[in-house]
Protein chains: 2
Amino acid sequence: MTRDTVPVATVRPLRRDAELNRRKIIESARVVFSERGFGATLDDIAHHAGLGVGTVYRRFPGKEQLVEAMFVERMDEVRELAEQALEEADPWEGFVTFLTRTAELHSDDRGLREVMLSNNFGQERVAAAKERMIPIAVELVRRAKASGQLRADFEETDLAIIHMMIGSVAEYTQEVRPELWRRYLGVLLDGLRADSGEKRPLFPEPLDLPSLDVAMCAWKPRH
Amino acid sequence: MTRDTVPVATVRPLRRDAELNRRKIIESARVVFSERGFGATLDDIAHHAGLGVGTVYRRFPGKEQLVEAMFVERMDEVRELAEQALEEADPWEGFVTFLTRTAELHSDDRGLREVMLSNNFGQERVAAAKERMIPIAVELVRRAKASGQLRADFEETDLAIIHMMIGSVAEYTQEVRPELWRRYLGVLLDGLRADSGEKRPLFPEPLDLPSLDVAMCAWKPRH
DNA sequence: GGTAAACGGAGATACCAACTCCGCATAACC
DNA sequence: GGTTATGCGGAGTTGGTATCTCCGTTTACC
């Protein structure tokens, strides 16, 4: 058995142009999924990459597989975020940091939001990445409750719903005021703090009526 | 000019069966739109009414017109709700009643939620009904702030966004726990109250993990 | 019983996303 | 530079869904 006939996986490397295009596809998928979510078509991605659809389908069996390839690492980023938040000295601050940073990611990347809140995208590898997150999020909640700063009746599944709410605001107003979700995260945090201290001032400013109107025109419910 | 040639609008009344069917259509449209939102097709509505599609299109030029006919009165109900809330002695209680009762309507009637949060359904008459609501909602907020019970940095457009958030929870969990939105309305209200008093206990119970999983499987983002 | 009105629902039309196919281009190798 | 396998483009096929029409049949009304 010579060094050149390694038993398995001696896949001939892609031709140089093909390899370049593969990277372009992944890059474009990242951009397009993050802007438009998984409603985007592979044709959109191909066009964004300046390639034909055929080229995309030659490299990836279908949309699912592209999503899978795309988001496992992204999910692991979120988990690392949670791990960092767990290292903050103040448990409440850790909790707030986690919520805020995650919401930032969701608001910048609609695709990521969709994988995290729906079980309809990605297969085992994405599901596995989610499982890996759960114990860390649970610990984050436990610790913040134990310190008496997070209200005692908060539970881990509330995290998902809170993200759902914040994300829906981000999506609703993204064309008009992409940062507006922070205002409502502020309201929620004031509602979640156990102590009855002063409220933090809300930031940023609320929508004015014309902007609300624009947001309402842009919004179409799912069917 | 005889009595029989009255200039305008001498529309011959519908045949008895036709009139009956017209009512069935309206009734079914109410039910179907409220369960499935405006994603529902006129074919769905016809089938629910036990009629053919042709019958529906004979009475209503298209979906838009049916929606218009359907929701103007429903919107006015919401306005009346606001007016009643304005009559409650305690401004904060009035504010809470309004938010809660409106959210109940939204959670029972997906179509109503969609007309209220989007400008893509209905024409002038629906828009006019919305305009009629605004001053009342504004007054509700003004009064609750003036009494020192609602935080001073709350503004009227926040109402719409709060409804948006609550509605998204209602939609997310409706198959599993249709009343769960009340829990998060509770959090928001604790965040909106100006005084730094005790938090109200959250109700109902949070989702358990399996139920969250079911909700996540059922949820598909809009494209 | 005659007639106009209304009915039913198959199917025309339109749209859209997923995916395939094959003639043409070009990188790789000698 | 010539040969060949590999890759490319994008029109076109497939499949699904929603809107709306048409006409043979049925029904209300006088």
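In this text, all values refer to a predicted model and were calculated from it rather than measured experimentally.

Reading the values: the criteria
Residues numbered from 1 in each chain as written. Chains lettered and ligands numbered in written order. Predicted model: local features only at pLDDT ≥ 70, side-chain atom pairs only at ≥ 80, totals over all residues. Heavy atoms only, no water. Helix = DSSP H or I, 4+ residues; strand = E, 2+ residues; numbered from the N terminus. Buried < 20%, exposed > 50% of the residue type's maximum accessible area, 1.4 Å probe, protein only. Contact = heavy atoms within 4.5 Å. Areas by Shrake-Rupley, 256 points an atom, 1.4 Å probe, with all protein chains shown as cover. Lys, Arg positive; Asp, Glu negative; His and termini not counted. Charge placed at Lys NZ, Arg CZ, Asp CG, Glu CD. Salt bridge = Lys/Arg side-chain N within 4 Å of Asp/Glu carboxyl O. Near = heavy atom within 4 Å. Polar contact = N/O pair within 3.5 Å; in protein donor to acceptor, adjacent residues only side chain to side chain. Buried area = accessible area lost by both parts, 1.4 Å probe. Nonpolar A, V, L, I, M, F, W, Y, C, P; charged D, E, K, R; others polar. UniProt positions renumbered as here; feature names shortened; annotations may be inferred.

S.K.: What exactly am I supposed to notice about the overall build of chain A here?
M.R.: Secondary structure assignment for chain A yields ten helices and zero strands. In sequence order, the secondary structure elements of chain A are arranged as α-α-α-α-α-α-α-α-α-α. Counting only C-alpha atoms and orienting by the principal axes, one finds that chain A spans roughly 70 × 50 × 25 Å. Every one of the 223 residues in chain A was classed for burial, and the buried ones make up 52%. The contacts in chain A between residues at least 6 apart in sequence include a share of 68% that link residues at least 24 apart. Accessible surface for chain A amounts to roughly 11000 Å². Of this, 54% is attributable to carbon and sulfur atoms. In chain A, which carries 32 positive and 38 negative side-chain charges, the distance between the mean positions of the two groups comes to 6 Å.

S.K.: Explanation requested: the pattern of salt bridges in the structure shown.
M.R.: In a structure, side chains of opposite charge can pair up when their charged atoms sit close to one another. In total, this model carries 44 salt bridges over all chains according to the counting rule given. Close ionic contact of Asp76 of chain A with Arg79 of chain A constitutes a salt bridge, the shortest N to O distance being 2.8 Å. Of this pair, Asp76 of chain A and Arg79 of chain A are both found in helix 4 (residues 63-87), three residues apart, which corresponds to roughly one turn of the helix. Summarising the burial analysis for this pair, Asp76 of chain A and Arg79 of chain A share the class buried. With its nearest N and O atoms 2.9 Å apart, the salt bridge here joins Arg193 of chain B to Asp190 of chain B. A relative accessible area of 6% means that Arg193 of chain B is categorised as buried. The class for Asp190 of chain B is buried, based on a relative accessible area of 2%. Connected through shared salt-bridge partners, Asp76, Arg79, Glu83 and Arg132 of chain A make up one network.

S.K.: Please clarify how the protein's contact with DNA strand C should be interpreted in this entry.
M.R.: In the region of DNA strand C, 22 residues are neighbours, and Lys63 of chain A together with Arg15, Asn21, Thr55 and Arg58 of chain B sit closest. Considering DNA strand C, the proportion of its atoms within 4 Å of the protein that are sugar or phosphate atoms stands at 66%. In this structure, a phosphate oxygen belonging to DNA strand C sits 2.9 Å away from a side-chain N or O atom of Lys63 of chain A. Between DNA strand C and Gly54 of chain B, the relevant distance is 3.3 Å, taken from a base nitrogen to a main-chain nitrogen or oxygen of the residue. Mapped by element, the contributors of at least two residues to the surface near DNA strand C are helix 1 (16-36) and helix 2 (42-48) of chain A together with helix 1 (16-36) and helix 3 (53-59) of chain B. Here the element with the most residues in the surface near DNA strand C is helix 3 of chain B; it accounts for five residues.

S.K.: Just checking my understanding: could you explain the protein's contact with DNA strand D for this structure?
M.R.: The environment of DNA strand D is made up of 22 residues, and the closest members are Arg15, Asn21, Gly54 and Thr55 of chain A together with Lys63 of chain B. Each atom of DNA strand D within 4 Å of the protein was assigned to sugar, phosphate or base; sugar and phosphate come to 67%. Note that a phosphate oxygen of DNA strand D is positioned 2.8 Å from one of the side-chain N or O atoms of Thr55 of chain A. Broken down by secondary-structure element, the contributors of at least two residues to the surface near DNA strand D are helix 1 and helix 3 (53-59) of chain A together with helix 1 and helix 2 (42-48) of chain B.

S.K.: Can you walk me through the interface of chain A and chain B in this structure?
M.R.: Quite often, the size of an interface is put as the accessible area lost when its parts meet. Residue-level contacts link 60 residues of chain A with 60 residues of chain B. By the criterion of area lost to chain B, the three top residues of chain A are Lys199, Trp219 and Arg222 of chain A, representing 15% of everything that side buries. Seen at the junction of chain A and chain B, the total is six salt bridges. Here Glu171 of chain B ties to Arg222 of chain A by a salt bridge, and the two come within 2.9 Å at their closest N and O atoms. Here chain A and chain B share 39 residue pairs in polar contact (both at pLDDT 80 or more) between them. Here the side of chain A that touches chain B is composed, by residue class, of 28 nonpolar, eleven polar and 21 charged.

S.K.: Sorry if this is basic, but what is going on with the UniProt feature "DNA-binding region" (unreviewed entry) in chain A here?
M.R.: Mapped onto the present numbering, the UniProt feature "DNA-binding region" (unreviewed entry) falls at residues 41-60 of chain A. Across residues 41-60 of chain A, the secondary structure splits into 70% helix and 0% strand, with the terminal C-alpha atoms separated by 13 Å.

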